[in-house]
Amino acid sequence: MTPKNNIVIGIIVGLVIIASYNVEANPLEFAEGLPNLGIVLEEILVLENIIDNMKYVPTALWAMLETLQMAFIGTVIGVVIGLPFSMLAARNLNNKFIYAPIRALLAIIRTFPSILWAMLFVIVVGLGPFAGVLAIILYTIGFVTKLQYESIETIDSDPMDAVSSIGVSKFQLIRYVVIPESASHLLGQMLYMFDYNVRQSTILGIVGAGGIGFFVVQYIKFFEYGKVAVFMFVVLMVVLGIDWASVKIRDKYIIKSQHGVEVLAK
Amino acid sequence: MKQIQMIKNPPFSLISTNKIIQMSDVSTSYDSRNFALEKINLSIDRGTNYAIVGQSGSGKSTLLKLMNGMMIPSNGTIKIDYITPNMNNKKFKKMMHTIGYIPQSLGLVKNITVLDNILIGALPRLNKIQSFFKKFPEHEITEAKRIISLVGLTGKENRKAYMLSGGEKRRVAIARALMQKPTILLADEIVSELDHVTAKEIMNLVADAQKRMNLTAIMVHHDMQLALEYANRVAVIKEGHKILEIGVEGDTIVDFQTGDLNTEEIMGMYADDTKK
Ligand SMILES: Nc1ncnc2c1ncn2[C@@H]1O[C@H](COP(=O)(O)OP(=O)(O)O)[C@@H](O)[C@H]1O
Ligand SMILES: [Mg+2]
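Residues numbered from 1 in each chain as written. Chains lettered and ligands numbered in written order. Predicted model: local features only at pLDDT ≥ 70, side-chain atom pairs only at ≥ 80, totals over all residues. Heavy atoms only, no water.

Participant: Could you clarify how one ought to interpret the overall build of chain B in this entry?
Facilitator: Scanning chain B from N- to C-terminus turns up 9 helices and 11 strands. A burial count over chain B gives 52% of its 276 residues as buried. Looking at chain B alone, contacts between residues at least 24 apart form 67% of all its contacts between residues at least 6 apart. Taken as a whole, chain B presents about 13,000 Å² of accessible surface, with 50% of it coming from carbon and sulfur. (Helix = DSSP H or I, 4+ residues; strand = E, 2+ residues; numbered from the N terminus. Buried < 20%, exposed > 50% of the residue type's maximum accessible area, 1.4 Å probe, protein only. Contact = heavy atoms within 4.5 Å. Areas by Shrake-Rupley, 256 points an atom, 1.4 Å probe, with all protein chains shown as cover.)

Right under this line is the structure:
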């Protein structure tokens, strides 16, 4: 361990202490408050309460379905709109007068989490899932485009050069080289984005932008922790299910070729 | 063993007026300090099977990239079929459609099939709607199938490019170039990494196509033997300079004494390459 490393570690520890003080982080308070969680759990885990709360499962599933649909529409439309943007933002396809402003715009979109966009869209289109969908579309555009232009920039330049030398149009180059060469990444990115958007959609309800989060927030307000538990359990199951399905889809459609490059199976 | 004949002034029959490629005093560099090529003069007759030979790093690939406009010289002039290469020139862009270029790495699109790779050669002949929907006209598909059988890939049309062997990949790259209906075929060391038998097959394939379609083929090798066996003309590049240009007519090698080498050095060079 060099003295320089010690200084760096010292600085980091110092910053953590200062920041903790500023956010009023107090381990004692945490320890004292922990029993409150016990009280809540006790209420939730009583058998008759569980049975009683089971009648909210259909509502929870219905709300989760809405959440999934928001995430699904948002992902598909976001990717469809984002794809052309990623072609414009890729440095190996355009000059900086095109890619630089597009990248700046996308960076701005990504700067705000989708819940902030959702608040804005609630103002625009009113309460409800549509505001949430718009927020997810926007965030997906910002995010998936970055993933996509980064993978376009890692495409092998050899086929690009060889095909450009035929004198094809830029559109043809994109259609016949860039998209096939980055398609395997795109599928993975869509799955990742959907997964991410499902999680995001569960909290958009907090600002009234639809989905299961709306119910959860209401129940927390009224201290109905049993119902909260039912809804959270449904979220947990669905998210785990999607994780599992993503892995299956990846295994089935994205295989590694003998050169270790990701390629699309049939 | 070939005979070597040295001539200072080539006979009139060797001078043609139909030059498809002309370079005069061409220099180019990747960075500001070193020239990758310096003061290259060469002219290639239409229909020639031309070979460029030289050690690795001598500037062969660079020379080829100047011939399809992928690189622009920093000094000197180039004419391809009497047009100066320039991507922004409509006339030259049109000419690029018929310059088949096979880079050292072949440049195949890995994730698509053999047929789709070959059809890329026909893209300049598609209109916008056809290219959007990947709708190649029936006669283009027939032509692609004909070329597939010509290069010996029948039955492998639907195989993904990344699944092919080295020899098969080269056949696909050649087929894509032939699909362009080329007048010039540029090939960069496409047989260097192959075993002897496969290399010969590929060379014969190109030589046949070259003769049948009256192409101008310009092939880079680093093996002098291959060049002497297939080409009518061979230029030798060393450290960015053309040091030798010879004609091959049957068993006779005609040295045009373009470089500053004396007889012994030239003889030494051939002997050196025969040993390999
Ligand atoms: N993209 C590049 N950037 C910088 N230098 C290059 C590049 N490509 C080639 N060179 C240099 O130019 C010279 C000629 O290279 P090249 O034409 O590829 O030679 P060859 O094909 O005969 O092996 C070499 O010195 C090489 O290092
Ligand atoms: Mg080379």
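Past the structure itself, the notes keep going.
Participant: Where do I start with the overall build of chain A in this structure?
Facilitator: A count of helical and extended segments in chain A gives 11 helices and 2 strands. Along chain A, helices and strands appear, N-terminal first, in the series α-α-α-α-α-α-α-α-α-α-α-β-β. Classification of the 266 residues of chain A by burial places 41% in the buried group. Within chain A, residue pairs in contact and separated by at least 24 positions form 72% of the contacts whose partners lie at least 6 positions apart. Surface summary for chain A: the accessible area is close to 15,000 Å², and the carbon and sulfur share equals 73%. Treating the 17 positive side-chain charges of chain A as one cloud and the 19 negative ones as another, the clouds have centres 11 Å apart. (Lys, Arg positive; Asp, Glu negative; His and termini not counted. Charge placed at Lys NZ, Arg CZ, Asp CG, Glu CD.)

Participant: What should I look at first to understand the packing of helix 6 (residues 114-125) of chain A against helix 7 (residues 129-153) of chain A in this one?
Facilitator: Helix packing geometry: the angle between the two helix axes and the distance between the axes. All names here are of chain A. Two numbers describe how helix 6 lies on helix 7: the axes approach to 8 Å, and their chain directions differ by 135 degrees. Viewed along their axes, helix 6 and helix 7 adopt a mutual orientation that is oblique. With respect to the hand of their crossing, helix 6 and helix 7 are arranged in right-handed fashion. Residues Ser114, Trp117, Ala118, Phe121, Val122 and Val125 of helix 6 lie in contact with helix 7, whose contacting residues are Phe130, Ala131, Leu134, Ala135, Leu138 and Tyr139. (Axes fitted to C-alpha atoms, helices over the stretch in contact; angles between N-to-C directions. Parallel < 35°, antiparallel > 145°, perpendicular 65-115°, else oblique. Left-handed = near helix turned anticlockwise from the far one by under 90°.)

Participant: For this particular structure, what's the right way to read the coordination of the magnesium ion (ligand 2)?
Facilitator: For a metal with four tetrahedral donors the ideal donor-metal-donor angle is 109.5 degrees, whereas six octahedral donors ideally subtend 90 or 180 degrees. Taken together, the protein ligands of the magnesium ion (ligand 2) are Ser61(B) (OG) and Gln104(B) (OE1), with distances of 2.0 to 2.7 Å. You can see Ser61(B) sitting in helix 1 (residues 60-67) and its partner Gln104(B) sitting in the loop between strand 6 (99-102) and helix 3 (114-119), a full 43 residues away along the chain. (Donors = N, O, S within 2.8 Å, 3.2 Å for Na, K, Ca; no water.)

Participant: Would you take a moment to explain the site of ligand 1 for this structure?
Facilitator: Residue and element names in this part refer to chain B. Ligand 1 sits among Tyr30, Ala36, Gln55, Ser56, Gly57, Ser58, Gly59, Lys60, Ser61 and Thr62. Taking Tyr30, its side chain carries an N or O atom lying 3.5 Å from a nitrogen atom of ligand 1. At 2.9 Å, a backbone N or O of Lys60 approaches an oxygen atom of ligand 1. Relative to its unbound accessible surface of 550 Å², ligand 1 loses 56% to contact with the protein. Its residues assigned to classes, the shell around ligand 1 shows 2 nonpolar, 7 polar and 1 charged. (Near = heavy atom within 4 Å. Polar contact = N/O pair within 3.5 Å; in protein donor to acceptor, adjacent residues only side chain to side chain. Nonpolar A, V, L, I, M, F, W, Y, C, P; charged D, E, K, R; others polar.)

Participant: Is there a simple way to think about the packing of aromatic side chains in this case?
Facilitator: All names here are of chain A. As enumerated under the stated definition, the model contains 15 aromatic pairs over all chains in all. Seen from their ring centres, Phe215 and Phe231 are 5.5 Å apart, and the 25 degrees between their planes marks the pair as stacked. Within this pair, whereas Phe215 is found in helix 10 (residues 212-221), its partner Phe231 is found in helix 11 (residues 225-253), the two being separated by 16 residues in sequence. On the accessibility criterion, Phe215 (26% relative accessible area) is partly exposed. Residue classification places Phe231 among the buried positions, given a relative accessible area of 0%. Grouped by ring-pair contacts, the aromatic residues Tyr56, Phe214, Phe215, Tyr219 and Phe231 constitute a single cluster. The ring of Tyr176 is capped by Arg175, whose NZ or CZ atom sits 5.9 Å from the centre of that ring. (Phe/Tyr/Trp six-rings, centres within 6.5 Å; stacked < 30°, edge-to-face > 60°. Lys NZ or Arg CZ within 6 Å of the ring centre and 35° of its normal.)

Participant: How should the interface of chain B and chain A be read in this particular structure?
Facilitator: Many descriptions give the size of an interface as the accessible area lost when the pieces come together. Between chain B and chain A, the contact holds 33 residues from the first and 26 residues from the second. For the pair chain B and chain A, the summed buried area comes to about 2,400 Å², and 59% of that belongs to carbon and sulfur atoms. At the junction of chain B and chain A, the tally comes to 1 salt bridge. Salt-bridge contacts for Lys110(B) lead to Glu181(A); the nearest nitrogen and oxygen are separated by 3.2 Å. On the surface where chain B and chain A come into contact, there are 10 residue pairs in polar contact (both at pLDDT 80 or more). Taken together, the elements giving at least two residues each to the side of chain B that touches chain A come down to helix 2 (90-96), strand 6, helix 4 (128-132) and helix 6 (166-179) of chain B. (Buried area = accessible area lost by both parts, 1.4 Å probe. Salt bridge = Lys/Arg side-chain N within 4 Å of Asp/Glu carboxyl O.)

Participant: I keep staring at the packing of helix 2 (residues 27-45) of chain A against helix 11 of chain A and nothing clicks. Help me out?
Facilitator: Residues and elements named next belong to chain A. At a closest axis distance of 8 Å, the pairing of helix 2 and helix 11 adopts a crossing angle of 75 degrees. Classified by the angle their axes make, helix 2 and helix 11 are roughly perpendicular. From helix 2, Val40, Glu43 and Ile44 reach across to helix 11, where they touch Tyr225, Gly226 and Ala229. For the contact of helix 2 with helix 11, the residue count by class is 4 nonpolar, 1 polar and 1 charged.

Participant: Just to check I follow, could you spell out helix 1 (residues 3-22) of chain A for this structure?
Facilitator: What sets the pattern is the α-helix's 3.6 residues per turn: residues three or four places apart point alike. When the terminal C-alpha atoms of helix 1 of chain A are compared, their 29 Å separation across 20 residues agrees well with the 28 Å that a helix rising 1.5 Å per residue should span. Positioned one or two residues after helix 1 of chain A, Glu24(A) has a phi angle of 55 degrees, which is positive. (Expected span 1.5 Å × (residues − 1).)

Participant: Could you clarify how one ought to interpret the environment of Met71(B) in this entry?
Facilitator: Residue and element names in this part refer to chain B. Note that Met71 resides in the loop between helix 1 and strand 5 (75-80). On the accessibility criterion, Met71 (13% relative accessible area) is buried. With sequence-adjacent residues up to four places away left out, Met71 is seen in contact with Thr28, Tyr30, Thr62, Lys65 and Leu66.

Participant: So what exactly am I meant to see when it comes to the environment of Ile137(A) here?
Facilitator: All names here are of chain A. Mapping Ile137 onto the fold places it in helix 7. According to the relative accessible area criterion, Ile137 is buried, its value standing at 12%. Separated by 101 residues in sequence, Ile137 and Asn36 place their C-alpha atoms 39 Å apart.

Participant: Honestly, the pairing of strand 7 (residues 184-188) of chain B in this entry has me stumped. Any pointers?
Facilitator: All names here are of chain B. Of all 5 residues in strand 7, 5 are buried; the element is thus mostly enclosed. Residues Ile184, Leu186 and Asp188 line one face of strand 7 and the alternating positions Leu185 and Ala187 line the opposite face, and both faces are buried. The pairing of strand 6 with strand 7 spans 4 bridges and is parallel. In the strand pairing of strand 7, Gly100 is matched with Leu185. Relative to strand 8 (residues 216-221), strand 7 runs parallel, the two being bridged by 5 bridges. Looking at strand 8, one finds that Ala187 is bridged to Met219. Of the crossover connections in this fold, the one passing from strand 7 over helix 7 (residues 196-212) to the parallel strand 8 is right-handed. (Pairing = 2+ DSSP bridges. Right-handed = clockwise from strand over helix to strand, strands pointing away.)

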